[in-house]
Each structure stands twice: as structure tokens, then as C-alpha cells.
Amino acid sequence: MKIAILSCFYPYRGGIAQFNANLFEELGREHDVRAFNFRRQYPDFLFPGKTQYVSPEDEAVPIEAQALLDTANPFTWCRTARQIRRWGPDLLLVRYWMSWFAPSLGHVARHMAPGCKVIGILDNVIPHERHWFDAPLTRLFLRQLDGAVTLCEEVSRDLLALRKDIPHTVLPHPIYTHFGPRLPREEAERLLGLPAGRRTLLFFGLIREYKGLDILLRAFDLLDDRYQLLIAGEPYGSFEKYQRLIDGGRAPADVHVFPDYIRDSEVKRYFSAADLTVLPYRSATQSGISSVSTHFGVPMVVTDVGGLEETVGRRGTGIVCKEGTPACVAEAIGRYFDDAQLRQRLEEGIQAEKERLSWSRFAHDLTAFAGSLTS
């Protein structure tokens, strides 16, 4: 099968580009696959981080891709559709995670040849930070699809609320393996300059309002001096309010902040030093961070929002807080360390997930779903 993927690839950085690189390589084992990239993903005013692009130190997977689509320039939408159509794919895969992409991606999808199936892989249907125009724009995009793949049931419910008749399937987020094996804990602590022998909590990934770092900082103040907190990730916006919470908290010296984008080769340091990953999100669909944490064998404490109960709680890889409060998060953290049987169950659950969520299975199920779609 000839498969085109339209999304962000190298030199863009971040979890979606990493996902696309893994999927491209896995599909390429059995199919003829071509990557079509953005020329411009977002205008700068829509991107609050430092940069959208990899640096020489990031060591991202350099997938060869044609950079065609500028989401803010309609002339490139037509050119992108022509280029993909000229290659003649049997299947076009389009990643979708926010309504900004609806006009450009919808235009390309609408102008594929009649024999080309178009499937959207939907990270979100409605984004975490909502706007009044999200639903109408997303409806326009969804009308151009022959089918949709979501990564959790929560997103499927959002999908059906906007287009009830769309063929769809849920394929859980595979486990990231490209970060390499876990390091010895002592080595990871030395590389990060962390005190040894502490109960180490990890908050990892881009720091955005909906991810609830402030909830975790307040929860940390409820814990005793056996704990330390490791914060690793680039802030989207100001870090000032979090720094005030750290400085005014119980033990500022026990909070270790690495406020930068973490390149692939260094991700293992943070998870190898951690006992527990904490995701105190205010809203969520699925989380790519949970996939990384599972790869490194680190259990999680998460809040009961979006698909986290489904992808963490039901799978036995972490503890779900029924309330997104500092007290509930602190109680769950303490329960993990105090209950040896619970730790054993989570360890077993993580191992089972590592065996279940392979990229080969995801690619197989994705192409099987594509084959089930009628013309």
C-alpha cells in the first residue's frame, strides 16, 4: 500500500513529531510510505514556547519529508494537495490536535483522488485550551475524512459529538522506545546533581496551565522531607507564578527545576532518577508522557480527567486521584510509597502494557482499519 502522512516531521520537535517518526518507520517496514511536512506549522504568535524546531543537540529522528504546507497560506494548501495527489497514495494519514489546522488540513483532505482513503489520527477533537470556534472548525475538518483513529475513548466521545456517522476506532498510544534503556539510578542522580536516597517525584514535559504544576507544588508542601521534586520541561509562558510557589513553599531546596526542552538523549536521565511520575492535569485526552513513563517502568499518579483513568487507571500503571486537589495528589503519592503490594501491582501492570502497546501492533491495526473502509 502507498501511504502518505501529512503532519509535522523533522526539523519540528516535540511529542507529535516523535510519534510521527515512529509511525513512519514502522509502516515503512511493509508499505511504501512518504512524509509530507509543514513549511510553517504555526505563526509565531500562536506558539508560546522558545522554538518549534530541533536544535543540533536535540538528536531528533531526521525523517526525510517534503516541506509543503503553510497553515496560514492558502496557496500552499492547493500545492500540497496536488503534490500528494500526484504521488498517488492509497491512504492519507493526517494528524489533528487543534482547530487552527482545520482549514488547511481539511482542504488537502477534500482534494485527494477518489481512490485515496483519508484517515485522521486525532490527538484531540477539542483542544485543552478551548475557544468558541473549535467545534465549528473541527466539524468542517471531520467532514473531509473517510475514517478516524483516536488514542482513547474520551476523544472518541468528543468525535461522535461532532460527527456521529464517521467510521472510527480506538488505538491506544504506543510505548515510546527511542529514548533508550533506563540508566542505573545512581548514574542518573549524578548526571542531574540530585541528592541520593530521596523519594523522587517527576513532573515532565511542556509546562502549560492545564497540566497543573501548581497543584503538584502545593501537594509537595504537604509531604515530609523524605521527598524531592524534579521538574523538567520548557514553560509555555511565564514560569514566574510557579517560582513564587517554590520560593514560598516548605522546602525550596528540594525542588529541582530544569526549565528547558529536554532533548531525546537526556530524557532517560529524568525517568531513571524518578520513583513516580505525577501528572496532575486539569484536562487531558491521553498523555504522551504516560507512554514515556511506562517505557522506563515508572508508575504514575494522575488526576481523573479525560482519558487518564482509561489509559492509566484501568491498565494498572498508576494511581488515579478522584479529585484534582493538592490534598488528593499528596495522599496518592504517600499511598504509593507506603503500600508494597500496590507498588508490586503497578510494576506488573507496566510490564503488561509494555508488551501490549507496540508500534508494530499499532501499525497493523491502523492499516486493517483503513482496509475496512468502504469506497
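In this report, the structure presented in the accompanying data block is examined.

So, how was this worked out
Residues numbered from 1 in each chain as written. Predicted model: local features only at pLDDT ≥ 70, side-chain atom pairs only at ≥ 80, totals over all residues. Heavy atoms only, no water. Helix = DSSP H or I, 4+ residues; strand = E, 2+ residues; numbered from the N terminus. Rg over C-alpha atoms; globule rule 2.2 N^0.38 Å. Buried < 20%, exposed > 50% of the residue type's maximum accessible area, 1.4 Å probe, protein only. Contact = heavy atoms within 4.5 Å. Areas by Shrake-Rupley, 256 points an atom, 1.4 Å probe, with all protein chains shown as cover. Expected span 1.5 Å × (residues − 1). Pairing = 2+ DSSP bridges. Right-handed = clockwise from strand over helix to strand, strands pointing away. Core = buried A, V, L, I, M, F, W, Y, C linked by side-chain atoms within 4.5 Å. Phe/Tyr/Trp six-rings, centres within 6.5 Å; stacked < 30°, edge-to-face > 60°. Lys NZ or Arg CZ within 6 Å of the ring centre and 35° of its normal. Salt bridge = Lys/Arg side-chain N within 4 Å of Asp/Glu carboxyl O. Patch = residues over 30% accessible without salt bridge, like charges linked within 9 Å, V, L, I, M, F, W, Y side chains within 5 Å. Lys, Arg positive; Asp, Glu negative; His and termini not counted. Charge placed at Lys NZ, Arg CZ, Asp CG, Glu CD. Axes fitted to C-alpha atoms, helices over the stretch in contact; angles between N-to-C directions. Left-handed = near helix turned anticlockwise from the far one by under 90°. Nonpolar A, V, L, I, M, F, W, Y, C, P; charged D, E, K, R; others polar.

### Some thoughts on the overall build of the protein chain
- Assigned secondary structure in the protein chain consists of 14 helices and 13 strands.
- By the compact-globule yardstick of 21 Å for 375 residues, the protein chain fits well, its C-alpha radius of gyration being 21 Å.
- Each principal axis of the C-alpha atoms in the protein chain carries an extent, and together these give about 65 × 40 × 40 Å.
- When burial is assessed residue by residue, the protein chain has 56% of its 375 residues classed as buried.
- Excluding contacts between residues fewer than 6 apart, the proportion of contacts in the protein chain whose partners are at least 24 apart in sequence is 76%.
- As displayed, the protein chain offers around 15,900 Å² of accessible surface, 50% of which is attributable to carbon and sulfur atoms.

### Remarks on helix H12 (residues 326–338)
- Between the first and last C-alpha of H12 there are 18 Å, a value that for 13 residues agrees with the 18 Å anticipated at 1.5 Å per step.
- Those residues of H12 that sit buried are Cys328, Val329, Ala330, Ala332, Ile333, Gly334, Tyr336 and Phe337.

### A look at the pairing of strand E10 (residues 255–258)
- Judged from the 4 bridges that link them, strand E9 (residues 227–232) and E10 form a sheet pairing that is parallel. Looking at the pairing, Leu230 lines up with His256 of E10.
- The β-α-β motif built from E9, the intervening helix H8 (residues 240–247) and the parallel element E10 has right-handed crossover chirality.

### Brief notes about the nonpolar core
- By size, the foremost hydrophobic cluster in this structure holds 52 residues, and its most contacted members are Leu23, Leu93, Phe204 and Phe271.
- Among the elements that take part in this core, helix H14 (residues 359–372) stands out by supplying 6 residues, more than any other.
- For Phe271, the residues in contact, after removing those within four places along its chain, are Arg182, Leu202, Phe204, Thr277, Ile289, Val292, Ser293, Phe296 and Val298.
- Within the second largest apolar cluster, 39 residues are counted, among which are Phe38, Ala81, Val108 and Leu122.

### Overview of the environment of Gln351
- Structurally, Gln351 is set in helix H13 (residues 340–356).
- Classification of Gln351 by relative accessible area gives partly exposed; the value is 40%.
- Note: C-alpha distance between Gln351 and Gly316 (35 residues apart in sequence) is 9.9 Å.

### With respect to the packing of aromatic side chains
- Tallying each qualifying case throughout the model produces 19 aromatic pairs.
- By way of ring pairs, the aromatic residues Phe19, Tyr176, Phe179, Trp359 and Phe362 are connected into one cluster.
- The ring of Trp87 carries Lys2 above its face, with NZ or CZ at 4.6 Å from the centroid.
- Sitting above the plane of the Phe220 ring, Arg250 keeps its charged end 4.9 Å from the centroid.

### Focus: the pattern of salt bridges
- Taken as a whole and judged by the stated rule, the model has 22 salt bridges.
- The partner of Asp365 in a salt bridge is Arg361, and the shortest N-O contact between them spans 3.8 Å. Placement of the pair is Asp365 and Arg361 together in helix H14, with a separation of 4 residues, close to one helical turn.
- Residues joined in a network through salt bridges with shared partners are Glu209, Asp214, Arg218, Lys241 and Arg282.

### Details of a positive patch on the surface
- There is a patch of like positive charges on the surface, built from Arg39, Arg79, Arg82, Arg85 and Arg86.
- Among the elements that make up the positive patch, the one with the highest residue count is helix H2 (residues 74–87) (4 residues).
- Mapped onto the fold, Arg85 is located in helix H2.
- Owing to a relative accessible area of 35%, Arg85 belongs among the partly exposed residues under this scheme.

### Some remarks on unusual backbone geometry
- Here the amide bond leading from Tyr10 into Pro11 is cis, since omega sits at 15 degrees, within 30 degrees of zero.
- Relative to the elements of secondary structure, Pro11 occurs in the loop between strand E1 (2–6) and helix H1 (15–27).

### A word on the sheet that holds strand E13 (residues 318–321)
- With respect to topology, 6 strands assemble into an open sheet ordered E10-E9-E8-E11-E12-E13, the strand pairing being parallel. Every interior strand has two partners, whereas the edge strands, E10 and E13, have only one. Each adjacent strand pair in this sheet contributes to an overall mean axis angle of 20 degrees, direction not counted.
- For strand E11 (residues 276–279) and strand E12 (residues 300–303), the ladder comprises 3 bridges, and the chain directions are parallel. In the sheet register, Val278 faces E12, and the bridge partner there is Val301.

### A look at the side chain of Lys268
- When you line up the elements, Lys268 lands in helix H9 (residues 267–272).
- One buried charged residue, Lys268, remains without a salt bridge, the closest side chain of opposite sign being Glu187 at 8.1 Å.
- The contact partners of Lys268, leaving out residues within four places of it in the chain, are Phe179, Gly180, Pro181, Leu183 and Phe296.

### A look at the packing of helix H7 (residues 213–220) against H12
- Their axes nearest at 8 Å, the elements H7 and H12 cross at an angle of 65 degrees. The chirality of how H7 crosses H12 is right-handed. Here H7 contributes Ile215, Leu216, Arg218 and Ala219 to the contact with H12, which in turn contributes Pro326, Val329, Ala330 and Ile333.
- Per-class residue counts for the contact of H7 with H12 are 7 nonpolar, no polar and 1 charged.

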